[in-house]
Amino acid sequence: MRIALATLAAALLLAAPAAAQTDTTPTIAADGNGTATLVPDLADFSAGVLRRAPTSAAARRAANARIAAILKAVKARGVPDADIQTTGLSIARERVGRRGHRRIRYAATQDLRIRVRDVKTLGAMLDAVADAGADAVAAPDFGFADPSQGRLLATRAALADARKRAEDAAAQTGLRITGVRTVDVDPQTEPEPVGVSGGSSDRASESPSTRVEPGTQEFDARVRVIYTAAPAT
């Protein structure tokens, strides 16, 4: 009996590779490329103040007062505390004046990073911050509340492109697509390029507030799909 079981097991092991090789389903591999172009829906910008005074306390009070005015202005326009961050704060002792007549002064600086979640209001927000007394306002950095959305849309376009190419190849060879065997949404290719283009330049030249153009950002994706196929007859 043991000899019979061993013989049966050996036969099954030998038959397994042969059975695996009986799958002769035709396949078609296709790469697809897709692009999605989106308008940024949020922006970050920086605002800073610099106040000088004969004493450290006086310089800090002046900087604090100016920052308080800026915070009041942005909060009045709906910016929550979570979207305001202190990114810089310093107090420095300086010697000013000509040689022989030097005196001590103190310079207090504070910097804020402010997030605007409605890009259409960004120009008015920048004006409000400047009017509140900011000594410096840095250029905005545009982005997305959902940073994955652009690549998701680009991947969908790439999948549609791969399907179209596969169906055309199948038709040219007397086949038809019957299904999908594998999908690689991140084949080994060069890093995904992201392009940035400016906004429209044909808007009215006069504006009641600073005009800010978010432009668009372009996301590219590439996929590789292996489809199963069958004779078209």
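Details of the structure are given in the entry above.
### As for a positive patch on the surface
Then, in step 1: Taken together, the side chains of R93, R95, R99 and R102 make up a positively charged region of the molecular surface.
Then, in step 2: Note on placement: R99 falls in the loop between β3 (84–96) and β4 (103–116).

### Overview of the pairing of strand β2 (residues 42–53)
Then, in step 1: Extensive coverage of β2 is indicated by the burial of nine of its 12 residues.
Then, in step 2: Sheet topology note: the β2/β4 ladder contains 11 bridges and is antiparallel. Bridge pairing in β4 links A43 to V116.
Then, in step 3: Examined bridge by bridge, β2 and strand β5 (residues 136–137) share two bridges and lie antiparallel to one another. What sits directly across from A47, in β5, is V137.

### Re the nonpolar core
Then, in step 1: By size, the foremost hydrophobic cluster in this structure holds 27 residues, and its most contacted members are F45, I70, V74, I114, L122 and V129.
Then, in step 2: The leading source of residues in this core is helix α2 (residues 56–76), at six residues.
Then, in step 3: The contact partners of I114, leaving out residues within four places of it in the chain, are A43, D44, F45, A47, V74, V79, D83 and V129.
Then, in step 4: Judged by nonpolar contacts, the second largest core, of 12 residues, contains I28, A158, V225 and A229.

### Description of a nonpolar patch on the surface
Then, in step 1: Judged by side-chain polarity, L159, V180, V183 and V185 come together as a nonpolar surface patch covering roughly 310 Å² of accessible area.
Then, in step 2: By the secondary structure assignment, V185 is in the loop between β7 (175–184) and β8 (194–197).
Then, in step 3: Owing to a relative accessible area of 47%, V185 belongs among the partly exposed residues under this scheme.

### Considerations on α2
Then, in step 1: When the terminal C-alpha atoms of α2 are compared, their 30 Å separation across 21 residues agrees well with the 30 Å that a helix rising 1.5 Å per residue should span.
Then, in step 2: All of the buried residues along α2 are A59, A63, I67, I70, A73 and V74. Across the axial projection of α2, the buried residues extend over an arc of 115 degrees, all falling on one side. More than 90 degrees from the buried face of α2, the exposed residues found are R61, K72 and A76.
Then, in step 3: Where α2 is buried, its residues contact β2, β3, β4 and α3 (122–131).
Then, in step 4: Once α2 ends, the next one or two residues include G78, with phi positive near 90 degrees.

### Quick notes on the packing of aromatic side chains
Then, in step 1: Following the criterion strictly, the structure yields one aromatic pair and no others.
Then, in step 2: An angle of 65 degrees between the planes, with centres 5.6 Å apart, marks the rings of F144 and F219 as edge-to-face. In this pair, F144 is assigned in the loop between β6 (141–143) and α4 (149–172) and F219 in strand β9 (residues 216–231), connecting sequence segments 75 residues apart. F219 shares its class with F144; the two are buried.

Definitions and cut-offs
Residues numbered from 1 in each chain as written. Predicted model: local features only at pLDDT ≥ 70, side-chain atom pairs only at ≥ 80, totals over all residues. Heavy atoms only, no water. Patch = residues over 30% accessible without salt bridge, like charges linked within 9 Å, V, L, I, M, F, W, Y side chains within 5 Å. Areas by Shrake-Rupley, 256 points an atom, 1.4 Å probe, with all protein chains shown as cover. Salt bridge = Lys/Arg side-chain N within 4 Å of Asp/Glu carboxyl O. Lys, Arg positive; Asp, Glu negative; His and termini not counted. Charge placed at Lys NZ, Arg CZ, Asp CG, Glu CD. Helix = DSSP H or I, 4+ residues; strand = E, 2+ residues; numbered from the N terminus. Buried < 20%, exposed > 50% of the residue type's maximum accessible area, 1.4 Å probe, protein only. Pairing = 2+ DSSP bridges. Core = buried A, V, L, I, M, F, W, Y, C linked by side-chain atoms within 4.5 Å. Contact = heavy atoms within 4.5 Å. Expected span 1.5 Å × (residues − 1). Arc of directions from axis to C-beta. Phe/Tyr/Trp six-rings, centres within 6.5 Å; stacked < 30°, edge-to-face > 60°.

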